[in-house]
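Summary of the model geometry
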Amino acid sequence: PASGRTLSAPRNPCRRLGDPPDEAAWYCPHVPRPRRMSSLLAAVPACGLAAISVLHARWARRDWWPAASERDLALAVVGSPRMPAAGACAMVSAATGAMALCMVVGDRRPAMRAARGVVGAGLIGRGLAGGVFAARRLGLPEPAERFRRLDDRYYRPVCLGLGALAVASAWRGR
């Protein structure tokens, strides 16, 4: 600077004489802790939930991507030959979109942390119970073998992984 003074970091009132400058930040309440890890913990499930939301929005518009037909898609994601109504797909899209938004809100209030925990618990519950259990509870017909295979190989592990990261982000207090 023109005045000849050098700029330095704000004084840390908890820093003891002889402490390395960056070590003091880990135990001082006056210095904010780095939040990179908790931000990453929230970003991964947010991206996953946003992608699920976009897929369901496409299906609500009766766009059967990534399958070639409604029947192929329904057998893969529902386990029956017909897709659910457009309104049901739109509701799932809205719910997963709201969950994704909840994950990226950088609020430390207890209510937001609890919401992220609920999102994570719901995903873990879906991962543990599986789609066959959900179909039975909703009174739907028994899912086809293709859905069972995809559920065991992909859908359940993805739900468990996203749920674990969501709970971790709530616990870390993003």
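Cut-offs applied
Counting restarts for each chain: residues are numbered from 1 in the order of the written sequence. Thresholds applied to this predicted model are a pLDDT of at least 70 for local features of residues and 80 or more for the giving and counting of side-chain atom pairs; totals over whole chains, interfaces and linings are not thresholded and use all residues. Excluding hydrogens and water, the side-chain values take into account all heavy atoms of the structure. Helix numbering and strand numbering both begin at the N terminus, where a helix is a DSSP run of H or I of at least 4 residues and a strand a DSSP run of E of at least 2. Accessible area is worked out with a 1.4 Å probe on protein chains only. A residue is then buried under 20% of its type maximum, exposed over 50%, and partly exposed in between. We call two residues contacting when some pair of their heavy atoms lies within 4.5 Å. Under the convention used here, a 1.4 Å probe and the Shrake-Rupley method define accessible areas, while residue burial counts only the protein chains that appear. Nonpolar core, defined: a set of buried Ala, Val, Leu, Ile, Met, Phe, Trp, Tyr and Cys residues in which side-chain atoms within 4.5 Å join the residues together. Only centres within 6.5 Å qualify two rings of Phe, Tyr or Trp (six-membered ring in Trp) as a pair; their planes then separate them into stacked at under 30 degrees, edge-to-face at over 60, and tilted for everything else. Each reported salt bridge corresponds to a side-chain nitrogen of Lys or Arg within 4 Å of a carboxyl oxygen of Asp or Glu. To obtain an axis, a line is fitted to C-alpha atoms, over the contacting stretch when the element is a helix, and the angle between two such axes runs from 0 to 180 degrees between their N-to-C directions. If an angle is under 35 degrees, it is roughly parallel; if it is over 145, roughly antiparallel; if it lies from 65 to 115, roughly perpendicular; otherwise it is oblique. Three classes are used, and their members are as follows: Ala, Val, Leu, Ile, Met, Phe, Trp, Tyr, Cys and Pro are nonpolar, Asp, Glu, Lys and Arg are charged, and the others, Gly among them, are polar. Each helix should span, by expectation, one fewer than its residue count multiplied by 1.5 Å. One axis is fitted to the seven residues ending at the residue and one to the seven starting there. The bend at that residue is the angle between these axes. Each residue carries a pLDDT score, the predictor's confidence in it, ranging from 0 to 100.

In terms of helices and strands, the protein chain carries five helices and zero strands. Shown N-terminal to C-terminal, the secondary structure of the protein chain runs as helices and strands in the order α-α-α-α-α. Classification of the 174 residues of the protein chain by burial places 30% in the buried group. When contacts within the protein chain are restricted to residue pairs at least 6 apart in sequence, those whose partners lie at least 24 apart make up 60%. Counting only carbon and sulfur atoms, one obtains 64% of the accessible surface of the protein chain, whose full area is about 11,100 Å².

Bringing the nonpolar core into the picture now. As a rule of thumb, nonpolar side chains are buried together in soluble globular proteins. Counting residues in each nonpolar core, the largest one holds 12 residues, listed as Ala42, Ala46, Leu49, Ala100, Cys102, Met103, Met112, Val119, Leu123, Cys159, Leu162 and Ala166. Judged by nonpolar contacts, the second largest core, of seven residues, contains Trp59, Ala60, Leu73 and Ala74.

Using the criterion set out here, one finds one aromatic pair in the structure. Ring geometry for Phe147 versus Tyr155: centroids 5.9 Å apart, planes at 40 degrees, classification tilted. Overall, Tyr155 belongs to the partly exposed group, its relative accessible area being 24%.

What follows is about the pattern of salt bridges. Scanning the entire structure with this criterion turns up five salt bridges. Residues Arg148 and Glu142 are paired through a salt bridge, measuring 2.5 Å at the closest nitrogen-oxygen approach. We classify Arg148 as partly exposed; its relative accessible area is 26%. Exposure remark for Glu142: the relative accessible area of 42% places this residue in the partly exposed category. Here Arg156 ties to Asp152 by a salt bridge, and the two come within 3.4 Å at their closest N and O atoms. In this pair, Arg156 and Asp152 are both assigned in helix H5 (residues 145-172), four residues apart and thus about one turn of the helix distant. Residues joined in a network through salt bridges with shared partners are Arg136, Glu142 and Arg148.

A separate point is the packing of helix H2 (residues 70-77) against H5. Between two packed helices, both the angle of their axes relative to each other and the distance between the axes serve to describe the pair. Taken N-terminus to C-terminus, the directions of H2 and H5 make an angle of 55 degrees; their axes are 6 Å apart at the nearest point. Put simply, H2 runs oblique to H5. Residues Asp72, Leu75, Ala76 and Val77 of H2 pack against Arg146, Phe147, Leu150 and Tyr155 of H5. Here the residues of the contact of H2 with H5 sort into six nonpolar, no polar and two charged.

Along the chain, Pro143 falls in the loop between helix H4 (110-137) and H5. For Pro143, a relative accessible area of 5% puts it in the buried group. Along the primary structure Pro143 and Val77 are separated by 66 residues, whereas in three dimensions their C-alpha atoms are 9.4 Å apart. Residues in contact with Pro143, not counting those within four places in the same chain, are Val78, Gly79, Val132, Ala135 and Arg148.

A word on H4. Over its 28 residues, H4 extends only 32 Å from the first C-alpha to the last, a length that falls short of the 40 Å expected when each residue adds 1.5 Å. Along H4, the sharpest kink reaches roughly 95 degrees, centred on Gly130. Along H4, the positions that sit buried rather than exposed are Met112, Arg116, Val119, Gly120, Leu123, Gly127, Gly130, Gly131, Val132 and Ala135. Within two residues after H4, Gly139 carries a phi angle of roughly 75 degrees, on the positive side.

Glancing now at the side chain of Ser93. Structurally, Ser93 is set in helix H3 (residues 86-104). With near-sequence residues (within four places) excluded, Ser93 lies in contact with Ser53, His56 and Ala57.

Counting all residues, the mean pLDDT for the protein chain is 84, and 76% of those residues have values of 70 or more. Averaged pLDDT values for the elements of the protein chain fall to 89 in helix H1 (residues 36-60) and rise to 95 in H2.

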